[in-house]
Amino acid sequence: MNSEVASGMQRTLAHRRHAGLSATDICGRLLGLAYFSTYVASNASTDYEPSTSPAKHILMLLLAMFSLATVPGTALFSLLVFLPIVALYALGNLYTYALMAAVFALALPLVSRVLQQVVNERRRGDALILLLVALIPALSALLQGELDAIWSFQYSRGRLLMGYWHPKEAAACFALPLLLYILMQGKARMQSLLLLAPLGLWMIGSRNVSLAVYLFLGLWRFPKATVILLAVLTAAGMLFFITAGDAFDLLNELSSLRLGVWSDALSDPSGAAGDDLLVGSRLAIDSFYIELAASTGLAGLLVFLAWASALYKLLGSRRHWRAASRPLLVSVLFFAAFDSGLVSTGNVLHVTLWALATMGLFSLRPARLRSSKSARAPVPALTSAERT
């Protein structure tokens, strides 16, 4: 029986790899690669200065327009799903971010489909291409002899910046190919050594990206043990905060002085409501939830909690991606606690985690721009037998 299942898996995967891609799929993949390459280029810097070019936002807008043109129903459904986030930004007078959230939602189905194909068909070459693109800033820094841009003490401690201006941006770029490879392996086939891979993101210097990936891996691979560990750590942290006299100062230091910034933002919300994509005190908060509380108050937080709970339930109803979707959703919600925004067109980790989490939600069959050959050979989702 097992040999028959294995033989069926091999025949199915071989059929998918040779079925060809539709014109829609090819255009989507090229736009996605262009977005990722532009994101990498805009964050590559040896002088620690980010690019102010709007190119990555423009490319996301093109993805949104292409998604709306080829799969209008699914794109509008995605917009409906994220409409509460758009409304919360608008109610907080953050109209630029409301527009950005709408563009993000419209583009998400197309990006999700592209990544779904890569994972379902185990296109390791695509993940390798993304990895090579992510390494370009490091190669450029080496060719320029800027070794300080590889291993840098610019941000208080030694970090493996790899030619990027900031550790979070560097780690986010490497997280995409890593997550794709992990999902290709599957829970049953994933080697134990692969659990050490996110430590590389920590070495780059972004604890938040590394912990977000580890949170996904834990909830996906070891759900019960991870929940117990999180409960113990939460209880211990609360006990320490209550009993220790200098707990605030210590936690503020561990959070890279975020607690002090959050306290100031909540004390004076007027200084945290800037509607600017590039600069402003709002971006310094580094927490979507503090931003939300400062701009919309407790009511906004309650609306968001209701929305997140409903989405968690919705993702759990999708059989194919049920095992991975919820852990990925928890991962992106965790990351938002230590990062500005939740659905930013200028944040590749937002795009990655949301696109992967919603793969079961946006399993597309585009009707337009499909060649006759690919129309006769659609790419179905993997069955439960194939995934194991």
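Rules behind the numbers
Residues numbered from 1 in each chain as written. Predicted model: local features only at pLDDT ≥ 70, side-chain atom pairs only at ≥ 80, totals over all residues. Heavy atoms only, no water. pLDDT = per-residue confidence, 0-100. Contact = heavy atoms within 4.5 Å. Axes fitted to C-alpha atoms, helices over the stretch in contact; angles between N-to-C directions. Helix = DSSP H or I, 4+ residues; strand = E, 2+ residues; numbered from the N terminus. Left-handed = near helix turned anticlockwise from the far one by under 90°. Nonpolar A, V, L, I, M, F, W, Y, C, P; charged D, E, K, R; others polar. Buried < 20%, exposed > 50% of the residue type's maximum accessible area, 1.4 Å probe, protein only. Parallel < 35°, antiparallel > 145°, perpendicular 65-115°, else oblique. Salt bridge = Lys/Arg side-chain N within 4 Å of Asp/Glu carboxyl O.

Q: Break down the confidence of the model for the protein chain for me, with residues and values.
A: The pLDDT averaged across the protein chain works out to 80; a share of 75% of its residues lies at or above 70. Taken as a whole, residues 1–19 scores under 50 in pLDDT and shows 20 contacts with residues more than four places along the chain or in a different chain. Low pLDDT, under 50, characterises residues 365–388; the predicted model gives this stretch 49 contacts beyond four residues in sequence or across chains.

Q: Mind laying out the packing of helix H5 (residues 83–91) against helix H15 (residues 288–316), listing which residues take part and the relevant values?
A: Direction vectors running N to C along H5 and H15 enclose 150 degrees, while the axes themselves pass 10 Å from each other. Crossing handedness for the pair H5 and H15: right-handed. Side by side, H5 and H15 meet where Pro84, Ile85, Leu88 and Tyr89 of the first sit next to Phe288, Leu292, Thr296, Gly300, Val303, Phe304 and Trp307 of the second. Across the contact of H5 with H15, the residue classes break down as nine nonpolar, two polar and no charged.

Q: Break down the environment of Ala105 for me, citing the residues and quoting the values.
A: Inspection of the secondary structure assignment puts Ala105 in helix H6 (residues 95–120). Take Ala105: its relative accessible area is 0%, and that puts it in the buried class. Note: C-alpha distance between Ala105 and Ala75 (30 residues apart in sequence) is 7.3 Å. Ignoring any residue separated from it by four or fewer positions in sequence, one finds Ala105 in contact with Ala75, Ser78, Leu79 and Phe82.

Q: Residue-level account of unusual backbone geometry, with values.
A: A positive phi angle is found at Tyr48, which is not glycine, with a value near 65 degrees. You can see Tyr48 is positioned in the loop between helix H2 (23–43) and helix H3 (55–70).

Q: Please set out the packing of H6 against helix H17 (residues 348–357) residue by residue, giving values where relevant.
A: In contact at an axis separation of 8 Å, H6 and H17 are set at 65 degrees when each is read in the N-to-C sense. It follows that H6 is roughly perpendicular to H17 by the angle criterion. Judged by the sense of rotation from one axis to the other, the crossing of H6 with H17 is right-handed. Note on element contacts: H17 touches H6 through His350, Val351, Thr352, Trp354, Ala355 and Leu356, opposite Phe104, Leu108, Val111, Ser112 and Leu115. Of the residues contributing to the contact of H6 with H17, the split by class is eight nonpolar, three polar and no charged.

Q: Explain the pattern of salt bridges to me, using residue names and the numbers behind them.
A: Going through the model one piece at a time under the given rule, you end up with five salt bridges. In this structure, Arg123 and Glu121 form a salt bridge, with 2.5 Å as the shortest nitrogen-oxygen distance. Accessibility assignment for this pair places Arg123 and Glu121 in one class, buried. Notably, a salt bridge pairs Asp339 with Lys168, separated by 2.9 Å at the nearest N-O pair. Pair noted here: Asp339 is in the loop between helix H16 (322–336) and H17 and Lys168 is in helix H8 (residues 167–189), with a separation of 171 residues, a long-range link. With respect to burial, Asp339 and Lys168 carry one shared label: buried. What emerges from the salt-bridge pattern is a single network uniting Lys168, Glu169 and Asp339.

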